[in-house]
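Per-entry structural report
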Amino acid sequence: MDFDFPLRKIIHVDMDAFYASVEQHDNPELKGKPIAVGGGSKRGVVSAASYEARKFGVRSAMAGSIAARNCPELIFVKPRFDRYKEVSNQVRSIFFEYTDLVEPLSLDEAYLDVTENKKGNPSATLIAKEIRQKIFEKTGLTASAGISINKFIAKVASDYNKPNGQKTVNPEEVIEFLENLDIRKFYGVGKVTAEKMYRLGIFTGKDLKEKSLEFLDQHFGKSGGHYFNVVRGIHLSAVKPHRIPKSVGAERTFFENLSSEIFMLEKLESIAGELERRLQKSKIAGKTVTLKIKYSDFTLQTRSKTLPYFIASKDLILETAKELLYQSTLENSVRLLGISLANLNTEKEKKTEEKESLLVQLKFDF
């Protein structure tokens, strides 16, 4: 199929069960066993789970107590973020052997634009295979990859043959691939959105493609245009080597649930101080303050306020967070509080995605 927009060769590399795999690699006694990184304390939350643990339903962001109930043989391991960052840097150095257009999403995944690359290799598929082999040789860990014409499809494809596999979606395969895709596999479609789509008769990419732009705008607001485009293979976001953050935040999980707002104010002051340090380090300010509240029953609530001016100081952040705290009565005792700042002054630096890339359309050899 011919596309009327520039095509790229994009690879999405995703390390397999990264934190857990590092622990199993560094401690051979853990190999083949169900392990959870984090979550071992009374109030702990799982940061990552090995594939052996995932078979029992253990997953990241799950309370450690629930994880242990799901998998009685589960081994809890204390996180070592300095070690994960060290390995992540080793992996990233491999990426830069091929291209400078590397956009990290986290310690364990990144996009690479290899349309033009340092090796002069016309095949993105072979480049992905080489990169995965080098990662294994250098770190002893496996990675999976997705390869296609844009970031969206590459991200979806990288999950197809996990662990330790890769999938290429060639330009002529894009439309069929997207039409046959379960709507839950669309990157960015979470559980709530998927359920809403089900109610509207949207179960696959083909179903989504049959809906008009007006219909999608009506039911999904500003996301409607995104869904309309991506199911047609249109996703013009370029790989950004220096990603501009959309928000900056800090949060705390407490050993004991808090039921007194006085105690919560003490915690918010500490959180606001940490947020101020992060903002100063990045030389960032923002207008929208969001207070995140997780209750003892794990329900989550957010409250936001947008100011007419940019702020970055602890005092102004705390003042707004207090206002949000008192905005309405708390529903239960609280296990986590967080403050984030969005609508940042970095937004003005962003260009529209349609103008970001003027790559010449090439004949592709994936």
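Residues numbered from 1 in each chain as written. Predicted model: local features only at pLDDT ≥ 70, side-chain atom pairs only at ≥ 80, totals over all residues. Heavy atoms only, no water.

**With respect to the overall build of the chain**
On a plain count of helices and strands, the chain comes out with 14 helices and 12 strands. Rg of the C-alpha trace for the chain: 22 Å, near the compact-globule value of 21 Å for 366 residues, within the 12% margin. Its C-alpha atoms put the chain at 65 × 55 × 45 Å along the principal axes. In the chain, which comprises 366 residues, the proportion classed as buried is 45%. Of the contacts made within the chain by residues no fewer than 6 positions apart, 65% connect residues no fewer than 24 positions apart. Accessible area for the chain stands at about 19,000 Å²; split by element, carbon and sulfur atoms hold 50% of it. The averaged location of the 49 negative side-chain charges in the chain is 2 Å from the averaged location of its 57 positive side-chain charges. (Helix = DSSP H or I, 4+ residues; strand = E, 2+ residues; numbered from the N terminus. Rg over C-alpha atoms; globule rule 2.2 N^0.38 Å. Buried < 20%, exposed > 50% of the residue type's maximum accessible area, 1.4 Å probe, protein only. Contact = heavy atoms within 4.5 Å. Areas by Shrake-Rupley, 256 points an atom, 1.4 Å probe, with all protein chains shown as cover. Lys, Arg positive; Asp, Glu negative; His and termini not counted. Charge placed at Lys NZ, Arg CZ, Asp CG, Glu CD.)

**A look at the side chain of N150**
Mapped onto the elements, N150 comes out in the loop between β7 (143–148) and α6 (151–158). Residue classification places N150 among the buried positions, given a relative accessible area of 2%. Apart from residues no more than four positions distant in its own chain, N150 is found in contact with I10, G233, I234 and H235.

**Quick look at the confidence of the model for the chain**
Residues at a pLDDT of 70 or more form 93% of the chain, whose mean pLDDT is 90. Under a pLDDT of 50 for its full length, residues 351–364 has, in the predicted model, 21 contacts with residues more than four places off or in other chains. (pLDDT = per-residue confidence, 0-100.)

**Let's talk about helix α11 (residues 223–230)**
Those residues of α11 that fall on the buried side of the exposure criterion are G224, Y227 and V230. In a view along the axis of α11, the buried residues occupy a sector of 145°, so they form one face of it. The secondary structure elements touched by the buried residues of α11 are α6, α7 (174–179), α8 (191–199), α9 (205–209) and α10 (213–220). (Arc of directions from axis to C-beta.)

**Some words on the nonpolar core**
Here is a general trend for soluble globular proteins: nonpolar side chains tend to be buried in one another's company. Residues I11, F18, F95, L112, I131 and I135 are the most contacted members of the largest nonpolar core, which totals 31 residues. Sorting the residues of this core by element identifies β1 (10–15), α1 (18–26), β2 (35–38), α4 (81–95), β6 (109–113), α5 (124–139) and β7 as the ones contributing at least two each. Residues in contact with I11, not counting those within four places in the same chain, are A110, Y111, L112, V114, A124, I127, A128, A145, G146, I147 and A154. One finds F254, L275, I284 and L318 within the second-largest nonpolar core, a separate group that totals 29 residues. (Core = buried A, V, L, I, M, F, W, Y, C linked by side-chain atoms within 4.5 Å.)

**A closer look at the side chain of N117**
Among the secondary structure elements, N117 is positioned in the loop between β6 and α5. For N117, the side chain forms a polar contact with the main-chain oxygen of V114, separated by 3.1 Å. Within the structure, N117 has its side chain in polar contact with the backbone oxygen of N121 (distance 2.8 Å). (Polar contact = N/O pair within 3.5 Å; in protein donor to acceptor, adjacent residues only side chain to side chain.)

**Regarding the pattern of salt bridges**
For the coordinates displayed, the defined rule picks out 18 salt bridges. E86 serves as the salt-bridge partner of R83, at 3.4 Å between the closest nitrogen and oxygen. Here R83 pairs with E86, and both are found in helix α4, just three residues apart, close to one helical turn. For R83, a relative accessible area of 21% corresponds to the partly exposed category. Judged by relative accessible area, which is 42%, E86 ranks as partly exposed. Put simply, E103 and K151 hold a salt bridge, and the shortest N to O gap is 2.9 Å. Placement of E103 in strand β5 (residues 102–106) and of K151 in helix α6 is noted, with a sequence separation of 48 residues between them. Here the salt bridges do not stand alone but share partners, grouping E23, D26, R80, R83 and E86 into one network. (Salt bridge = Lys/Arg side-chain N within 4 Å of Asp/Glu carboxyl O.)

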